[in-house]
Amino acid sequence: MRRVIVVGAGAAGSMAAIFAATGGADTLLLERTRDGGRKILISGGGRCNVLPSRVDESRFVTDSSPNLLKKIVRAWPLAEQRAFFEDTLGIPLEEETESLKLFPASHKARDVRDGLLDYARRVGVRMRMESRVIDIAPVDGGWEVALDDGTVLKADAVIIATGGLSVPNTGSDGAGLNMLKALGHTMHPTYAALTPLTTTDAAFNDLSGISLTVALTAKSAKQQATWRGGFLFTHHGYSGPSVLNVSHVAVRTRAGHAPAAKVQVQWTALGEKEWEEALKPHGARTVTGALRAELPDRLASALLAKANVEPTRPLTELRRDERLRLIDTLVRGDLPWQGDEGYKKAEVMGGGVALSEIDPRTMESRRHKGLFLCGEVLDAFGPIGGYNFMWAWATGRSAGVAAAVRDIP
Ligand SMILES: Cc1cc2nc3c(=O)[nH]c(=O)nc-3n(C[C@H](O)[C@H](O)[C@H](O)COP(=O)(O)OP(=O)(O)OC[C@H]3O[C@@H](n4cnc5c(N)ncnc54)[C@H](O)[C@@H]3O)c2cc1C
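Residues numbered from 1 in each chain as written. Predicted model: local features only at pLDDT ≥ 70, side-chain atom pairs only at ≥ 80, totals over all residues.

S.K.: Could you give an account of the site of the ligand, naming the residues involved and the relevant values?
M.R.: Taken together, 40 residues sit near the ligand, with Gly8, Gly10, Gly163, Gly171 and Gly375 positioned nearest. Of all the secondary-structure elements, those providing two or more residues to the shell around the ligand are helix H1 (11–22), helix H2 (38–42), helix H6 (175–182) and helix H13 (387–403). With 4 residues, the single largest contributor to the shell around the ligand is H13. (Near = placed C-beta within 6 Å. Helix = DSSP H or I, 4+ residues; strand = E, 2+ residues; numbered from the N terminus.)

Okay, structure coming up:
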């Protein structure tokens, strides 16, 4: 019987182990924490956004070939993934229609984590928790896996599903990435993604707690990302889906000497023409009155100050230069930012092992036979909305299926 060792009982690893075992392999799942799947437990605010209800593949981000990425994701279509959770694991999913997200109907992330690991046990996966892998090495056509307690295990195939660098207290500390690097894999630079941005701008720091829907664009010399969605002022800066989904563009300009990315915000659904209309004289209405009709009061005041427009000015007396400045602030205002919350708050890591290093059908390393990679160790991530689990499930399944096969095509 083919022996497969899966390293990491997170999202990708538990899925890989399930498919390796159902493919007929003697499967051992090694996990450094006591219980595994800790990121699943904290995901989606404890509700676990298992999948998107609709997927736009162009939203994934990679420095590798986007076509390769699409090929990998398409290996397990969304409808089949959904059916696996609902029919095979028996976890009914419920759509949050406004956000196009799928959650377990129980709204409990624990049901997803436990459902996966219980099913893995049922199909014969053996599990060894509190077992940290410190090295893997190809030996005599197979693999040796070394644990931190000195144990060395042998396998025909090894699946690395150790995750990225985000929220390291969930167990993913980058050890797997180091092992893959040591085995000669090309690594695209890693960075915190889906992470809040910070600012020292006193006017905006004062708005902590205000949330609204905006359109954000982050632009650097090399990259651009735009997202319309929730925006939240925090004590130190900004969060919410729109910020998280464009944050990687900003974060990446902090690493080198490139000029900082510019982040621009359209604060309401109104564009330039609509604001021209809204700022036309209207009885005794002041400019503050016009803004408060569309924006939270404190934000309206802060934006008037940014545009250097007197808040009590009646619309009948608003000068042309003031109107243009104000519309500019409202429609494409600069969002001041100086930093980011990094890996301690990042939902994912960007970068990782180049996708060209793996066979997109099997997830087998092109450098080492019998070594399979899946999940966040690979150079890909998606936006908020279930995309990152979708990546973990799809790559985990492909790796598990292929690792179980004796003669890999
Ligand atoms: C706060 C938060 C909320 C999120 N919410 C969502 C969401 O709702 N929807 C979504 O799609 N995505 C979400 N994500 C992203 C998602 O959790 C990750 O993309 C996904 O978990 C990655 O799966 P993975 O299996 O590659 O890595 P992980 O889930 O991180 O699993 C890696 C596992 O490997 C183990 N491990 C690491 N090194 C070793 C070693 N040397 N030896 C043994 N074991 C090891 C770790 O302990 C861990 O259990 C969220 C992330 C965070 C941080």
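S.K.: Give me the lowdown on the nonpolar core, citing residues and values where you can.
M.R.: Val6, Ala16, Val158, Ile159 and Leu373 are the most contacted members of the largest nonpolar core, which totals 121 residues. It is H13 that contributes the most residues to this core, 11 residues altogether. Each of two domains, domain 1 (3–190 + 350–403) and domain 2 (196–340), supplies a minimum of three residues to this core. (Core = buried A, V, L, I, M, F, W, Y, C linked by C-beta atoms within 7 Å. Buried ≥ 20, exposed ≤ 12 C-beta atoms within 10 Å, placed from the backbone. Domains from an automatic or database assignment.)

S.K.: Describe the sheet that holds strand E1 (residues 3–7), naming the residues involved and giving the relevant values.
M.R.: Spatial strand order, E6-E2-E1-E10-E20: 5 strands in an open sheet with parallel pairing. Because the sheet does not close on itself, it has two edges, and the strands there are strand E6 (126–128) and strand E20 (371–373). Here the average twist between neighbouring strands, direction ignored, is 20 degrees. (Pairing = 2+ DSSP bridges. Axes fitted to C-alpha atoms, helices over the stretch in contact; angles between N-to-C directions.)

S.K.: How would you summarise unusual backbone geometry if you had to cite specific residues and measurements?
M.R.: Even without a glycine there, the phi angle at His107 is positive, about 60 degrees. As for its position among the elements, His107 is in the loop between strand E5 (101–104) and helix H5 (109–122). Judged by local crowding, His107 falls into the partly exposed class, with 13 C-beta atoms found within 10 Å. Unusually for a residue other than glycine, Asn308 sits at a positive phi of about 60 degrees.

S.K.: Tell me what's going on with the sheet that holds strand E4 (residues 93–96), and back it up with residues and numbers.
M.R.: Spatially, E3-E5-E4 is the arrangement adopted by the 3 strands of the open sheet, whose pairing is antiparallel. A strand with exactly one partner marks an edge of an open sheet, and here the two such strands are strand E3 (51–52) and E4.

S.K.: Describe helix H3 (residues 66–74), and please don't skip the residues or the numbers.
M.R.: Every buried residue of H3 is listed here: Leu69, Ile72 and Val73. An end-on view of H3 places all buried positions within 95 degrees of arc, on one side of the element. Against H13 lie the buried residues of H3. (Arc of directions from axis to C-beta. Contact = placed C-beta atoms within 7 Å.)

S.K.: Pulling in residues and values, what's your account of H6?
M.R.: Working note: α-helix, 3.6 residues per turn, so residues spaced by three or four point in the same direction. Those residues of H6 that fall on the buried side of the exposure criterion are Gly176, Leu177, Met179 and Leu180. Along H6, the residues classed as buried sweep out an arc of 160 degrees about the axis, all on the same side. Contacts from the buried residues of H6 go to E1, strand E7 (133–139), strand E10 (157–160), strand E11 (187–193), strand E19 (348–353) and E20. After H6 finishes, the residue Gly184 shows a positive phi value of roughly 95 degrees.

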